[in-house]
Number of protein chains: 2
Amino acid sequence: MIRPMKAGFLAVGSELLGVDRVDTNSLRATTLLERFGAEMCRKVVVGDSVSAISRELLSMTESFDLVIVSGGLGPTADDVTREATAKAFGLEQILDPAIVEDIAEKFRRMGRTMAEVNQRQALVPRGAQILDNPRGTAPGLRLERGQSTVFLLPGVPRELEGLMRSYIEPWLEERAGGAGRETRVLKVACVPESELEQQIHPAYGEFGRESITILAKPAEISVRMVATGPREERRQQLDVMSARLRDLIGAAVYSDQDEPLEAVVGRILTTSEATVATAESCTGGLVAERLTRVAGSSAYFEGAMVTYSNRLKMKLLGVEGETLDRHGAVSEEVARAMASGVRQRLAVTWGLGITGVAGPGGGSEEKPVGTVHVAVAGPAGVHHRRLQLPGDRERIRVQSSQIVLEMLRRALLRQGKERAESS
Amino acid sequence: MIRPMKAGFLAVGSELLGVDRVDTNSLRATTLLERFGAEMCRKVVVGDSVSAISRELLSMTESFDLVIVSGGLGPTADDVTREATAKAFGLEQILDPAIVEDIAEKFRRMGRTMAEVNQRQALVPRGAQILDNPRGTAPGLRLERGQSTVFLLPGVPRELEGLMRSYIEPWLEERAGGAGRETRVLKVACVPESELEQQIHPAYGEFGRESITILAKPAEISVRMVATGPREERRQQLDVMSARLRDLIGAAVYSDQDEPLEAVVGRILTTSEATVATAESCTGGLVAERLTRVAGSSAYFEGAMVTYSNRLKMKLLGVEGETLDRHGAVSEEVARAMASGVRQRLAVTWGLGITGVAGPGGGSEEKPVGTVHVAVAGPAGVHHRRLQLPGDRERIRVQSSQIVLEMLRRALLRQGKERAESS
């Protein structure tokens, strides 16, 4: 097996160190690298500083096969990538008359005269290969330094993309020799990260620790698998890993595509020709909003009642005043009545009910902030869970919505299984 | 003048080197640094690798007064920031029993048992100060290295933000010696960016081009002002700029705090002792969800009817079958009937109605994707707008919700003005 190529990305530009912009050119580069099994190992942003750029170039060319630099090739005084590269590698800078003529020609075609400052863009560290950039004024540059190849590209995304396609892609293709790298993601709902970690622990030993990564969000975890090698080999490896992990994690895996829970629930509802409606209090419509994010959700989503007040819980959902009085709005009884009420009144297969204390106010000793009751009413009855959720208002709402959707998914699967068994 | 403090930011996590995620925690750090005139000089992303982290830590602590590291403090085997820091600075790692107990207690409060792996989170490089993290399990850490101070923070944004506020902000304040830089934001709804740009053009000349920045999102623009200098001086400057910009932009400015539209609408509803309910089709509950994001929204938000099907538009909102037949579900008449219907049936002061084609399917020549009708029903009658919105499903839904909330805000202001004039 060929050793995977290692790459570093250096984004140059003081504007990328401010409060409202991040480098995204590196994502374009990473997408290209992944296709050829090359690994992005390090991304750095520095300002328009000769010393900062030189230093990083020296460090990256020591460690990586490929170094991509974006930005700092413009005509103004703060565009110093060429100068910094020449300095780092001890190269003289030469004014290339062919580039001067090319830039002047580009200006003429736009009906303008080349400004004096644009001459800077024709400076080339001795020995660098010039990379033609039909989408902009300045060319890119390619240099060799020890075992490392350095590409200097403009920071403008479409110029960078054009040059990557014309020069970096063939470079990668040649060196990859058919080998590649591929990822797959298992999505898991409502399992704590540390618990999942223990479940999948055996797989670290079997497949190597670096090949499996866990990414946690509130009530949702992505387990990412990576495999390298020739296409068939790495696909097979991913199939094996995926099957093993599904085995270790069980039914909590809701997708092996990188898709949200509401999309999976929507697919099962569609195949089972079922419909759904929600009755929401503390989530304020979030569950309905999530279900309807999915294009085509009108096939199974009928509607929702958001009942913030007790008055509306009674009027719209038929929750009994006595139930509210005796147990309070945040209670198992009310969640069940909401789920059943919306199921019955909107005449759907599945009704979801959510009532809780999202905070920051409204908590009590008996029902602190984060107390949420969720219920799923279906053909076989009503399921209920009482939750005690950590975090702030937003996080409590997101987790509640995730958990009720996961309960619906499990109920749909159980029902499908029973149906299959009885037929 | 004191030499500006220099800072570096190291984001740790292999997921930040993939194709679909970028580090954004550094933006949060930069925002804080700017307030104290400190300069972000270098941002680096590395994977979960002990050697890559150690190497970068050594390099940054040589150059910068402040080094912020985010991520890699979790409980799993790929969380190696603690280990890498100990290695870089030649420190022993010690298991801190007080932290173990604190984590165990946090788990107990959530009704769960601490997993064995969470013990890792209690490892501390000798001599490090422990930074209490009430929003998550693992504490942050602070170390001194030569002239440099290093903060290790969790990668979860809200945990990072909490720790920055509690520990880095006081650190910066102490060292800044009074001089600072401050920003203020005017938020503007539903004005095209180019139109706003023309409106505020005079202010560029008066205050300097660099002191005003426009940031556009769908149906929402932030106009950011920056002033530097001693506290009183820069505050005064911001007051002057803010007044001038409000003058140029007019009523479209909905806030000079960096707050969302639903919070402003909620405040006006509270003062005018009014209530609101929504009737939503294409937004699927998004408007209700936004209104209830605001803590305390139960004071004015009564509920919502999400009526995806025509059946429910009739049943729940009293929209006439004939109106639906003659004009179609996406029409001015239906939007008006939805707004009035929910206002009347839920007995609230204001009813909002939204019906449209969010796509990707469902468009026609007459009503292409992006056609949305919004209506606001209030004490003085019903206002309606027909929208033709660009973008994908999500963007159409977000813009629709923004525009209907802005219509409500304007209606509330008009009503308040009329009341004031008639009294």
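Described in the following lines is the structure provided in the data block.

1. Digging into the interface of chain A and chain B
Piece 1. Contact with chain A, which involves 70 residues of that partner, is made by 74 residues of chain B.
Piece 2. Buried surface at the junction of chain A and chain B, both sides included, amounts to about 5600 Å², of which 53% is carbon and sulfur.
Piece 3. For the chain A face of the interface with chain B, the top three residues by lost area are V19(A), K43(A) and Y308(A), together amounting to 11%.
Piece 4. On the surface where chain A and chain B come into contact, there are 7 salt bridges.
Piece 5. The partner of E56(A) in a salt bridge is R42(B), and the shortest N-O contact between them spans 2.5 Å.
Piece 6. Scanning the region where chain A abuts chain B turns up 34 residue pairs in polar contact (both at pLDDT 80 or more).
Piece 7. Within the side of chain A that touches chain B, the residues separate by chemical class into 28 nonpolar, 20 polar and 22 charged.

2. Considering unusual backbone geometry
Negative phi is the rule for most residues except glycine; trans is the rule for most peptide bonds.
All names here are of chain A.
Piece 1. Cis peptide bonds are those with omega within 30 degrees of zero, and the linkage from G359 to P360 qualifies with -5°.
Piece 2. Mapping P360 onto the fold places it in the loop between β15 (350–356) and β16 (371–378).
Piece 3. With a phi close to 65°, C190 is a non-glycine residue in the positive phi region.
Piece 4. Mapped onto the elements, C190 comes out in the loop between β9 (179–189) and α6 (193–207).
Piece 5. Although it is not a glycine, A347 sits at a positive phi angle of roughly 55°.
Piece 6. As for its position among the elements, A347 is in the loop between α12 (332–345) and β15.
Piece 7. Among the residues examined, A347 registers a relative accessible area of 54% and is labelled exposed.

3. What to know about the nonpolar core
Piece 1. Grouped together as the largest cluster of nonpolar side chains are 61 residues, with contacts concentrated most on L10(A), L57(A), L10(B) and L57(B).
Piece 2. One finds L33(A), L160(A), L16(B) and F151(B) within the second-largest nonpolar core, a separate group that totals 50 residues.

Scoring rules and cut-offs
- Residues numbered from 1 in each chain as written.
- Chains lettered and ligands numbered in written order.
- Predicted model: local features only at pLDDT ≥ 70, side-chain atom pairs only at ≥ 80, totals over all residues.
- Heavy atoms only, no water.
- Contact = heavy atoms within 4.5 Å.
- Buried area = accessible area lost by both parts, 1.4 Å probe.
- Salt bridge = Lys/Arg side-chain N within 4 Å of Asp/Glu carboxyl O.
- Polar contact = N/O pair within 3.5 Å; in protein donor to acceptor, adjacent residues only side chain to side chain.
- Nonpolar A, V, L, I, M, F, W, Y, C, P; charged D, E, K, R; others polar.
- Helix = DSSP H or I, 4+ residues; strand = E, 2+ residues; numbered from the N terminus.
- Buried < 20%, exposed > 50% of the residue type's maximum accessible area, 1.4 Å probe, protein only.
- Core = buried A, V, L, I, M, F, W, Y, C linked by side-chain atoms within 4.5 Å.

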